[in-house]
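These are the residues of each chain, in order.
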Amino acid sequence: MQDVDGRKVPDVRFGMALMRQRKRAGKTQGALASHIKCTTGHISHVENGRRALSEASVAEVDAFLDAGGRLIRTYGDLYEPDSVDWLGQLHEHQASAEVIREYHNSVFPGVVQVSSYARAVFSSGSPWLGEEGIKERVALRLERSKVVLRPNGPQYHVVLDDIVLHRPVGPPSTMKEQIDEVIKKAESGRIMLQLHGWGQYPNPGLDGPYSVLMSVGAPDLVYVESIYGGQSTDDPVSVRQFGVLFSRLQANARSPGDSLALLKEWSERYGKAQSA
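Here is what the cut-offs are and how they apply
- Residues numbered from 1 in each chain as written.
- Predicted model: local features only at pLDDT ≥ 70, side-chain atom pairs only at ≥ 80, totals over all residues.
- Heavy atoms only, no water.
- Buried < 20%, exposed > 50% of the residue type's maximum accessible area, 1.4 Å probe, protein only.
- Helix = DSSP H or I, 4+ residues; strand = E, 2+ residues; numbered from the N terminus.
- Arc of directions from axis to C-beta.
- Contact = heavy atoms within 4.5 Å.
- Axes fitted to C-alpha atoms, helices over the stretch in contact; angles between N-to-C directions.
- Parallel < 35°, antiparallel > 145°, perpendicular 65-115°, else oblique.
- Left-handed = near helix turned anticlockwise from the far one by under 90°.
- Nonpolar A, V, L, I, M, F, W, Y, C, P; charged D, E, K, R; others polar.
- Salt bridge = Lys/Arg side-chain N within 4 Å of Asp/Glu carboxyl O.
- Core = buried A, V, L, I, M, F, W, Y, C linked by side-chain atoms within 4.5 Å.
- Phe/Tyr/Trp six-rings, centres within 6.5 Å; stacked < 30°, edge-to-face > 60°.

Novice: Just to check I follow, could you spell out helix α4 (residues 55-64) for this structure?
Specialist: Here α4 has its buried residues at S57, V58, V61, D62 and F64. Taken end-on, α4 shows its buried residues confined to a sector of 160 degrees, consistent with a single buried face. In α4, the exposed residues that point more than 90 degrees away from the buried face are A56 and A63. Check the buried side of α4 and you find it contacts α1 (9-25), α2 (29-36) and α5 (70-79).

This is the structure we're talking about:
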């Protein structure tokens, strides 16, 4: 893919990220060029998106500019989109985070999914996986959930749109099991959950699910996901913008106590449907 003046989009985006980080670190193009043994002109071309930085130099540049892995992640997202395990990346970020703030507007998030619910989600959204593929994905999701929600793990705050209750992804028994598990985690204090009202507007979450992850010793991160892929950024402006959106979602949503009460109502509703 190329933009109007012939530069490749990944080169342009990485060059901008490199320039921002270099300036943030207080380094000159000449200092960076000297460190990785190239010309200042080459660094200028990389930052302008007219040349690509060699993969072998990315880690060295990241370390020299004290980027904390930021440039490595950006390079991987831009140049290896077909091979990046974006779900694996999300799990790694979640597992090492201090605080996770997550919004979902379609299904219960993977971190809190039970086996039957996860199976229904994968079967509906990725039927090409086949029975064995679905089993593997479900098992992996459950293992990753244990890591993220381990004792003394990250604080996990989630806002869910009411649609996750109204739209069943499986039979009543699956929905009841899933809701009961979320109730259990919320009552234990392991997660803080709020439900965003069906008719509540403005709704700052219409563009889809995302996570804001905060860690000690690493830049705050935003992860925007879909069933087909995901993208992360630790650009301070983007992180701040998504933080504002999440704050607005929380402000407009029901309180944790009212949300828990509504979950119990829906558990009872699905329980009656299961018995019918």
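Novice: Whenever I open this one, the packing of helix α7 (residues 115-125) against helix α8 (residues 130-148) confuses me. Can you help?
Specialist: Packed helices, taken two at a time, are described by the angle their axes make and the gap between the axes. Interaxial distance between α7 and α8 falls to 9 Å at its minimum, and their mutual angle equals 135 degrees. Comparing the axis directions of α7 and α8 gives the class oblique. Two packed elements cross with a definite hand, and for α7 against α8 that hand is right-handed. Contact with α7, carried on its side by S115, A118, R119, F122 and S123, involves E131, I134, K135, R137, V138, R141 and L142 of α8 and no other residues of that element. A breakdown of the residues in the contact of α7 with α8 according to their chemical character gives 5 nonpolar, 2 polar and 5 charged.

Novice: Which parts of the structure should I look at to understand the packing of α2 against helix α3 (residues 40-47)?
Specialist: Close contact between α2 and α3 brings their axes to 8 Å; oriented N to C, the two are set at 110 degrees. Of the possible angle classes, the one that applies to α2 and α3 is roughly perpendicular. The way α2 lies across α3 gives a crossing that is right-handed. In this structure, α2 uses Q29, G30, L32, A33 and I36 to contact α3, whose residues at the interface are T40, I43, S44 and E47. For the contact of α2 with α3, the residue count by class is 4 nonpolar, 4 polar and 1 charged.

Novice: Please explain the pattern of salt bridges as it appears in this structure.
Specialist: Two side chains with opposite charge may pair up if their charged atoms get near one another. For the structure shown, the criterion picks out 10 salt bridges. Here E131 and R119 are joined by a salt bridge, their closest N and O atoms 3.1 Å apart. Of the two residues, E131 sits in helix α8 while R119 sits in helix α7, which places them 12 residues apart along the sequence. The partner of E268 in a salt bridge is K272, with the nearest N and O atoms 3.6 Å apart. Pair noted here: E268 and K272 are both in helix α12 (residues 256-275), with a separation of 4 residues, about one helical turn. Its relative accessible area of 47% is what places E268 among the partly exposed residues. Residue class for K272 comes out exposed when judged on its relative accessible area of 57%.

Novice: Hey, could you run me through the nonpolar core in this one?
Specialist: Burial of nonpolar side chains together is a common tendency in soluble globular proteins. Among the nonpolar cores identified, the biggest contains 31 residues, and F108, V112, Y156, L165, I179, L193 and L263 are the most heavily contacted of them. The set of elements that each furnish at least two residues to this core consists of α7, β2 (155-161), α9 (163-166), α10 (172-188), β3 (191-196), β5 (218-225) and α12. Top contributing element to this core by residue count: α12, with 5 residues. Apart from residues lying up to four places away in sequence, L193 is in contact with V158, L160, V182, P256, S259 and L263. Listed in part, the 17 residues of the second largest apolar core include F14, V58, F64 and L65.

Novice: Teacher, can you tell me more about the side chain of S145 here?
Specialist: Among the secondary structure elements, S145 is positioned in helix α8. Residue classification places S145 among the buried residues on the basis of a relative accessible area of 9%. Contacts of S145, omitting those with residues within four sequence positions, involve G110 and V111.

Novice: Sorry, what's going on with unusual backbone geometry here?
Specialist: Glycine aside, the phi torsion of most residues is negative, and most peptide linkages are trans. With a phi close to 60 degrees, K37 is a non-glycine residue in the positive phi region. Tracing the backbone shows K37 in the loop between α2 and α3.

Novice: Sorry if this is basic, but what is going on with the packing of aromatic side chains here?
Specialist: Each pair of aromatic rings is reported with the distance of its centres and the angle of its planes. A complete count under the given rule lists 5 aromatic pairs for this structure. Judged by centre distance (5.6 Å) and plane angle (75 degrees), the rings of F108 and Y117 are edge-to-face. Neither residue differs from the other here; F108 and Y117 are each classed as buried. Between the aromatic rings of W266 and Y270, the centroid separation amounts to 5.7 Å while the plane-to-plane angle is 40 degrees, which identifies the pairing as tilted.

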